Structures are given as C-alpha cells and as structure tokens.
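Chain by chain, the residues:
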Amino acid sequence: MPFCEDNKNISVLIVEDSPVVRDLLISILDSDPQIRVAGAVESGEEALREAKRLHPDLITMDVILPGMDGLEATRRIMEEVPTPILIVSAAWVSTEVEKTFRAIEAGALAVLEKPSASSVGIDVRARELIRAVKVMSEVKVVRRWARNSRGEAALTVPDDLDVGKVVQQPFDVVAIGASTGGPTVLKTVLSGLPENFQAPILIVQHMTQGFIGGFADWLSRASHYPVSVAVNGQEIRPGHAYVAPDGLHMGVNGFGKIVLARGEPDHGLRPSVSHLFRSVLRAYGKNAAGVLLTGMGRDGAHELKAMKDKGMLTIAQSRESSVVFGMPGEAIGMNAASYILPPEKIARMLKKLNAKQPPAD
C-alpha cells in the first residue's frame, strides 16, 4: 500500500505482520517530515517483491513473519537488491533475538526494539526509530553474494599488510569498541583467534537495550569463542571475551577484575568505548591492545590516540571493510592507529602478537 508525500525524501518500506505494530510504525515515521513511508507489507515474499519494485532508501524488518521469515528475506534482499535494513524485533522473545542476529549476519545494519503504544518510554523509542532510519538510510550497503558450500558469504579481503613481518608486541588484555556493523566484524575477529588465546578480551558494542544478552549468546555460538556479559568484580580470563552490559560503563582494574559503573554517559553513551579504553590505559599501561571497529560517531577515538601515545598496540578497522567509517575514521584522522586493517587481518595480527613465545636458549 503506497503512502506518498512529495515533501519527504527518505523512503521506507515497513515489513511487519502485526497490523497494530505496522500502523504504529507508519504513524511514527510519518510524523517526521523528512521520511516517506513508501509501502507496508506483512510477509517476506512481499518484502522482496516490494524492495525490487520500490527501491526504498531503507527497510524496517520484523524477523518472525508468515511464509518467508525476516531472516531469509534479509538474505534475499541483500543478494538481489541491496538495501539498508533495520531489524525491528522483540527483545524478550528468545527465538526473535536469535534470528535477529542471524539477520544482522546476513547483512542487516542494526536492531531496535519493537515499539508498543502501551509501553513506557514510547516517545523515546519513537525518536530512536526516526534517528536510526535517518542515519542508516545513508549507509552504502553492498551486495551479499549467495552463500558458498560452507554457508558463508564470499568476501574479498584486501592484502595490504604482511602480518607475518610485524614485530611482536605482547599484551595482557585486548579492549575492543564497536557500533553499527560491529556484530559481524566481532564474529570474524573472534573466529580467527585460537581457543588458547593468551589475552582476555573486553568489548563495548553499542546496541539497543534488551538485546545484549542475546548478542553475547549469538556471538559465542557464531564465533566458537567463549563470550559472556560482564559481571562486576568478575576476574577476566585468557581465552574469554566479556561484553559490557546494558546501561553500565565497563572497565577493569589492575587486579584483572571487571569494574561496572553507572556514571554519566560519555559521548551520550553508556556503556562507552572511551570509558573502557581509559580504564585499560590506567590499569595496564602499554601492556594492552586497543581496537576500534566500524560505527558512527567518535566514541573511543581520542582514547585510542592516548593509548598509542603510551606505546600500546592500536588498530582501527579499514574504510573499505567498515559499514560506517565514523569511529575508526576519526581515530585514523588523528593518527591514533598503529595499524589499519580489515577484520580478518585484525584477528591474524592479534594472534601473532599475543602468541606464546618459546623459552630463550
């Protein structure tokens, strides 16, 4: 069904099988003069058809749909008519959370919790949805080729660094910050590390509240690397990754224990990458590594520069491999990165530099 107004310039296709939620999404998006709801459909088959016909600037996608579900629809759209896709899902339904992150793996950009007119904070969620639509609609997505025999997307990685020639720089902990596009990059990085990787990994991933537990579970399964949501006072261990929980800054102390704090938002964010990087710098000095991945804004960029200035290993994701080159781009612009790498080479770099060395003769 078309909804056209000439004075709007961001066209959106809504895919949602609940008439109540569909009407609410239309109402929220139509309230902004810069957004035009080009169509609203209730199945994956209709989503694929209308994406080809309408060529919208963005698609909001539910994951539980009759017939072709939102996961398969996302895959098909990214293979046949690449379009920015924003998953709008229910955080409290475990089956939806699992499919949500599989849809992100298939090419969707981000996830928001499904709004409800009766829920507390509906105005906040409406503003979040409008902001996400405006930002994500500007992302230049690329075609996802059909999966190969192992069920993976075929990707080409630029060979711009011989990791084997890099001089070793041991470290005791790795701090990673990510935002838009981060989940799949984190999966690639963790998948490339051995189970006996010597350094604990601390992760801040910007994400809508309610999904971080499902994200940690998905990331652990998808990467075959142990990942859990951080707990205050928890001792960090080699071969494990810890994700900052909803609404709390995550840091670490000099005794190797996680410190969670409510504190003020940093860059408008809590948890923030900046808080994590500052904490690691204080606790470990140069014996740490900082990694800044794809994402909008500048969270963590100045702190990555401080880490590099103190002699830490610092890595920023390359422009070509980033969904949004905001955070790593800011860091690279201020010469904060020792290395600029795509995800596969970030994993190789960390593996090489943190490998246990044979004893001296």
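For the structure itself, look to the data block above.
If you're wondering where the values come from, they're calculated on a predicted model, not measured in any experiment. (Residues numbered from 1 in each chain as written. Predicted model: local features only at pLDDT ≥ 70, side-chain atom pairs only at ≥ 80, totals over all residues. Heavy atoms only, no water.)

Colleague: It is not clear to me how the overall build of the protein should be interpreted in this structure. Could you clarify?
Modeller: The number of helices and strands found in the protein is eleven helices and 14 strands. Residues classed as buried in the protein amount to 53% of the 361 residues present. A separation of at least 24 residues holds for 72% of the contacts in the protein among residues at least 6 apart in sequence. For the protein, the computed accessible surface area is about 15,900 Å², with 51% contributed by carbon and sulfur atoms. (Helix = DSSP H or I, 4+ residues; strand = E, 2+ residues; numbered from the N terminus. Buried < 20%, exposed > 50% of the residue type's maximum accessible area, 1.4 Å probe, protein only. Contact = heavy atoms within 4.5 Å. Areas by Shrake-Rupley, 256 points an atom, 1.4 Å probe, with all protein chains shown as cover.)

Colleague: Any chance you could explain empty space enclosed by the protein here in plain terms?
Modeller: Empty space left among the atoms is revealed by rolling a probe the size of a water molecule over them. What the rule picks out here adds up to one cavity of 30 Å³ or more. Taken together, Leu25, Val88, Leu112, Glu113, Pro115, Arg125, Glu128 and Leu129 make up the lining of the largest cavity. Of all the elements in the fold, those that place two or more residues in the lining of the largest cavity are β5 (110–113) and α5 (122–136). Counting residues per element, the lining of the largest cavity draws most heavily on α5, at three residues. Partitioning the lining of the largest cavity into residue classes produces five nonpolar, no polar and three charged. (1 Å grid on protein atoms, 1.4 Å probe; cavity = no way out; pocket = protein on both sides within 12 Å on 5 of 7 lines; lining within 4 Å. Points joined across faces, edges and corners; volume = space filled by probe spheres on them. Nonpolar A, V, L, I, M, F, W, Y, C, P; charged D, E, K, R; others polar.)

Colleague: Would you mind showing me how to read the nonpolar core here?
Modeller: In summary, soluble globular proteins display a tendency toward joint burial of nonpolar side chains. In terms of nonpolar packing, the biggest core is built from 60 residues, with Met61, Val174, Ile201 and Leu350 touching the most fellow members. Residue contributions to this core peak at six residues, all from helix α7 (residues 212–223). Leave out the neighbours within four places in its chain, and Leu350 touches Phe171, Val174, Val189, Leu193, Phe197, Ala289, Leu313 and Ile315. By size, the runner-up hydrophobic cluster in this structure holds 28 residues, among which are Leu202, Met250, Val252 and Phe277. (Core = buried A, V, L, I, M, F, W, Y, C linked by side-chain atoms within 4.5 Å.)

Colleague: Just checking my understanding: could you explain the packing of helix α1 (residues 19–30) against α5 for this structure?
Modeller: The description of two packed helices rests on the angle between their axes and on the distance between the axes. In the contact formed by α1 and α5, the axes pass within 10 Å of each other and the chain directions differ by 70°. As the angle between them shows, α1 and α5 are arranged roughly perpendicular. In this structure, α1 crosses over α5, and the sense of that crossing is right-handed. In this structure, α1 contributes Leu24, Leu25, Ile28 and Leu29 to the contact, and α5 contributes Ile122, Ala126, Leu129, Ile130 and Val133. (Axes fitted to C-alpha atoms, helices over the stretch in contact; angles between N-to-C directions. Parallel < 35°, antiparallel > 145°, perpendicular 65-115°, else oblique. Left-handed = near helix turned anticlockwise from the far one by under 90°.)

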